[in-house]
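Letter by letter, the chains look like this.
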Amino acid sequence: MEHASLVAFLNGHLSPEDFNSEIAAEVDACEHGFRSGGVGHIIVTDGPEIVITRDHARRLLKALADNRLPFLSANYTADCLVMSDDFDFADDAVPDAVHFVGDDSRAPTAGETEAALVKLV
């Protein structure tokens, strides 16, 4: 994932659909690695350090809730935010929201996603 694209998406300068188009091949490759019993690679390029705010986390959750960003792409995005040294979190609610999206045990329900959004108010 390109750092600049991720930041553009989080800042609202890149639509969830266009962002998804940019990352679809790497999300598919990562998922294929997991499904085939191998390793899926989460990759984000380096960039300037960015503080992820509640607004950024809301954009990610809202894109998921509105079905504008598929769960696997949102999950991959959350993993990139957690694994990159270039992203920090503004307060304790932000990593909670990012980890909610990063939980790959199952896709969250619409109600669960809405409840996570409320926590960011």
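Here is what the cut-offs are and how they apply
- Residues numbered from 1 in each chain as written.
- Predicted model: local features only at pLDDT ≥ 70, side-chain atom pairs only at ≥ 80, totals over all residues.
- Heavy atoms only, no water.
- Salt bridge = Lys/Arg side-chain N within 4 Å of Asp/Glu carboxyl O.
- Buried < 20%, exposed > 50% of the residue type's maximum accessible area, 1.4 Å probe, protein only.
- Core = buried A, V, L, I, M, F, W, Y, C linked by side-chain atoms within 4.5 Å.
- Helix = DSSP H or I, 4+ residues; strand = E, 2+ residues; numbered from the N terminus.
- Contact = heavy atoms within 4.5 Å.
- Disulfide = S-S within 2.5 Å.
- Patch = residues over 30% accessible without salt bridge, like charges linked within 9 Å, V, L, I, M, F, W, Y side chains within 5 Å.
- Areas by Shrake-Rupley, 256 points an atom, 1.4 Å probe, with all protein chains shown as cover.
- Lys, Arg positive; Asp, Glu negative; His and termini not counted.
- Charge placed at Lys NZ, Arg CZ, Asp CG, Glu CD.
- Phe/Tyr/Trp six-rings, centres within 6.5 Å; stacked < 30°, edge-to-face > 60°.

Q: Mind showing me how you'd approach the pattern of salt bridges here?
A: Side-chain pairs of opposite charge can arise where the charged atoms are in close proximity. One pass over the structure, following the stated rule, counts five salt bridges. For Lys-62, the salt bridge goes to Asp-66, with nearest N and O atoms at 3.2 Å. Relative accessible area serves as the criterion here: at 41%, Lys-62 is assigned to the partly exposed category. Two residues, Arg-106 and Glu-112, come together in a salt bridge whose shortest N-O distance is 2.6 Å.

Q: Whenever I open this one, the nonpolar core confuses me. Can you help?
A: Grouped together as the largest cluster of nonpolar side chains are 33 residues, with contacts concentrated most on Met-1, Leu-6, Phe-9, Phe-19, Leu-60 and Leu-81. Listing elements by their share of this core, those giving two or more residues are α1 (3-10), α2 (16-35), α3 (54-65), α4 (71-83), α5 (93-102) and α6 (110-118). Residue contributions to this core peak at six residues, all from α4. When neighbours within four sequence positions are excluded, Leu-60 is seen to be in contact with Phe-9, Leu-69, Ala-74, Thr-77, Ala-78, Leu-81 and Val-101.

Q: Would you mind showing me how to read the state of the cysteines here?
A: Here a disulfide denotes a covalent bond joining the sulfur atom of one cysteine to the sulfur atom of another. By the definition in use, this model includes zero disulfides. The thiol of Cys-30 is not disulfide-bonded; the next cysteine sulfur, from Cys-80, is found 8.4 Å away. You can call Cys-30 buried: its relative accessible area is 2%.

Q: Mind showing me how you'd approach the side chain of Thr-77 here?
A: Following the sequence through the fold, Thr-77 ends up in helix α4. A relative accessible area of 0% means that Thr-77 is categorised as buried. In contact with Thr-77, not counting residues within four places along its chain, are Met-1, Leu-6, Phe-19, Ile-23 and Leu-60.

Q: Whenever I open this one, α5 confuses me. Can you help?
A: Note on helix geometry: an α-helix contains 3.6 residues per turn, so any two residues three or four positions apart are oriented the same way. Burial of α5 is extensive: seven of the ten residues sit out of reach of the surface. Listed in full, the buried residues belonging to α5 are Ala-93, Val-94, Pro-95, Ala-97, Val-98, Val-101 and Gly-102. Looking at the buried residues of α5, the elements they touch are β1 (50-52), α3, α4 and β2 (87-89).

Q: Whenever I open this one, a negative patch on the surface confuses me. Can you help?
A: Side chains of Asp-46, Glu-49, Asp-85 and Asp-88 sit close together on the surface and give a patch of like negative charge. By the secondary structure assignment, Asp-46 is in the loop between α2 and β1.

Q: What is the right way to look at the environment of Asn-11 in this model?
A: Relative to the assigned elements, Asn-11 resides in the loop between α1 and α2. With 42 residues separating them along the chain, Asn-11 and Thr-53 place their C-alpha atoms 9.9 Å apart. Here Asn-11 is in contact with His-56 and Arg-59, once residues within four sequence places are set aside.

Q: For this particular structure, what's the right way to read the packing of aromatic side chains?
A: How two aromatic rings sit relative to each other is given by the distance of their centres and the angle of their planes. Under the defined criterion, the tally for this structure stands at one aromatic pair. An angle of 0° between the planes, with centres 4.5 Å apart, marks the rings of Phe-9 and Phe-19 as stacked. With Phe-9 in helix α1 and Phe-19 in helix α2, the pair connects residues that are ten residues apart, well separated along the chain. Each of the two residues, Phe-9 as well as Phe-19, counts as buried.

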